[in-house]
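Residue-level structure breakdown
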Amino acid sequence: MRIVRFSAGDEPAYGVLTGDLDDYGQPAEDAVIVGLAGDPLYVGIKLLDKEYRLDEVRLLAPVLPRSKVVGIGKNYAAHAAEMGGEVPREPLMFLKPNTSVIGPGDVVRYPAQSSEVHYEGELAVVIGRICRDVPVEQATDVIHGYTLANDVTARDLQRSDGQFTRAKGFDTFCPLGPWIETDLDPHDFSTGRRVQTHLNGEVVQDGSTADMVFDVPALIAHVSSVMTLLPGDVILTGTPEGVGPMRPGDEVEISIDGLGTLTNKVEAR
Ligand code: MG
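The residue count restarts for each chain, going from 1 along the sequence in the order it is written. In keeping with the predicted nature of the model, local features appear solely for residues at pLDDT of at least 70, side-chain atom pairs appear and are counted solely at 80 or more, and the whole-chain, interface and lining totals rest on all residues. Working from all heavy atoms in the structure, the side-chain values ignore hydrogens and water.

1. Brief notes about unusual backbone geometry
In this structure, the amide linkage connecting Gly177 to the following residue, Pro178, adopts the cis form with an omega of 5°. Only DSSP runs of H or I with at least four residues qualify as helices, and only runs of E with at least two residues qualify as strands; both kinds are numbered from the N terminus onward. One can find Pro178 in strand 14 (residues 174–181). A positive phi angle, near 50°, is found at Asp133, a position not held by glycine. Among the secondary structure elements, Asp133 is positioned in the loop between strand 11 (121–127) and strand 12 (143–150). Of note in the backbone geometry, Asn200 takes a positive phi value of approximately 50° without being a glycine.

So, in structure tokens, the structure goes:
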């Protein structure tokens, strides 16, 4: 099931996007959104007798993390190498504030403090229930679903600060969307789904989730051994190789097989 959060001109609402995706990961032309009563994270799936066409709504970030977005660094060996490092022995964690989250079609604002802002296309895991110390074997039970993320990073500030808070924490630095897919199994990612990033139509990242050093269950076990996870918290699972700069005026598209495409433009702040 694909869960969307959307605005039809009034209060944000939740819905289920019907139909299959086409070869480009886009919804079919006759796809509709069936309205939901409330946020399914908290009230479950309660379908309303209300339908919307995609062209009459604006999709929003499919989840607003109440407490945190947890990022994982260097979780693909080839990306660790291009960053001039090795794969960490344990998952390398950092936080992005929930105020960095924007939705599909929203604008990434290029901050004046940086002159090297990078895209990082990533698989994002949305947590479905409060949990801590989750064993690897039970990680699937706490997953609400999956979406796409751009872990936008001011690379120059990441280097000069020696830590990640400012570099990854600017407002608009965490595009999420376009929807949450609830029907996939972590195994689908371990066996490999293609992760691609296009910058102005050119392929700049082309990886596979099979190349993650620590898989989704391992990441959930690790993160939850440190901090309690709440419904709506998001874990970014790391980016494949090919990170690079984007500039005001650029358009970035992140896609993963079966999860659609997340598109955002960059503009000066
Ligand atoms: Mg990242």
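2. Looking at the coordination of the magnesium ion
Six octahedral donors around a metal ideally make angles of 90 or 180 degrees; four tetrahedral donors ideally make 109.5 degrees. Counted as coordinating are nitrogen, oxygen and sulfur atoms within 2.8 Å of the metal, or 3.2 Å for Na, K and Ca, while water is not included, which may make sites look incomplete. Ligation of the magnesium ion by protein atoms is provided by Glu120 (OE), Glu122 (OE) and Asp151 (OD), these donors lying 2.0 to 2.1 Å from the ion. We note that the donor set of the magnesium ion lies within a single chain, spaced as E-x1-E-x28-D. Residue Glu120 is located in the loop between strand 10 (117–119) and strand 11, and its partner Asp151 is located in the loop between strand 12 and strand 13 (153–154); the two are separated by 31 residues in the primary sequence. Asp151 carries the same exposure label as Glu120, and that label is buried. Any residue under 20% of the maximum accessible area for its type is buried, any over 50% is exposed, and the rest in between are partly exposed; the area is computed with a 1.4 Å probe on protein chains only.

3. Structural notes on a nonpolar patch on the surface
Two distance rules govern patches: like charges are joined within 9 Å, and nonpolar side chains (Val, Leu, Ile, Met, Phe, Trp, Tyr) within 5 Å, applied only to residues with over 30% relative accessible area and no salt bridge. All accessible areas in this document rest on Shrake-Rupley with a 1.4 Å probe, and a residue is counted as covered only by the protein chains that are shown. Salt bridge criterion: a side-chain nitrogen from Lys or Arg within 4 Å of a carboxyl oxygen from Asp or Glu. A cluster of nonpolar residues, Met1, Ile45 and Leu47, forms a patch on the protein surface that exposes about 270 Å² of accessible area. Here Ile45 lies in the loop between helix 1 (40–43) and strand 4 (47–53). Owing to a relative accessible area of 41%, Ile45 belongs among the partly exposed residues under this scheme.

4. Some words on the environment of Phe170
Mapped onto the elements, Phe170 comes out in the loop between helix 4 (165–169) and strand 14. For the pair Phe170 and Val152, spaced 18 residues apart in sequence, the C-alpha to C-alpha distance is 8.8 Å. Contacts: residue pairs with any heavy atoms within 4.5 Å of one another. Setting aside its immediate chain neighbours within four residues, Phe170 contacts Ser100, Pro111, Gln113, Ala154, Leu157 and Arg269.

5. Points about the sheet that holds strand 18 (residues 244–245)
Whether two strands pair depends on DSSP finding at least two bridges between them. Across the sheet, which stays open at both edges, the three strands sit in the order 13-10-18 with antiparallel pairing between neighbours. Sheet topology places strand 13 and strand 18 at the edges, where each strand pairs with a single neighbour. Where strand 10 lies against strand 13, two bridges are found, and the strand directions are antiparallel. In the sheet register, His118 faces strand 13, and the bridge partner there is Thr153.

6. A closer look at the sheet that holds strand 15 (residues 194–199)
Here five strands make up an open sheet; going across it, the order is 9-20-19-15-16 and the pairing mixed. Each end of this open sheet is capped by a strand with a single partner; those strands are strand 9 (107–110) and strand 16 (202–208). Along the sheet, successive strands turn relative to each other by an average axial angle of 20°, direction set aside. Comment: axis = line fitted to C-alpha atoms, over the contacting stretch for helices; angle = value between 0 and 180 degrees taken between N-to-C directions.

7. Examining the side chain of Ser114
Its location among the elements puts Ser114 in the loop between strand 9 and strand 10. Accessibility expressed as a relative area gives 7% for Ser114, which makes it buried. For the purposes of these results, a polar contact is taken to be a pair of N or O atoms within 3.5 Å, where, inside protein, one atom must be able to donate a hydrogen and its partner to accept one; residues adjacent in sequence count only when each atom of the pair is a side-chain atom. At 2.8 Å, the side chain of Ser114 and the side chain of Asp156 are in polar contact. For Ser114, the residues in contact, after removing those within four places along its chain, are Ala154, Asp156 and Leu157.

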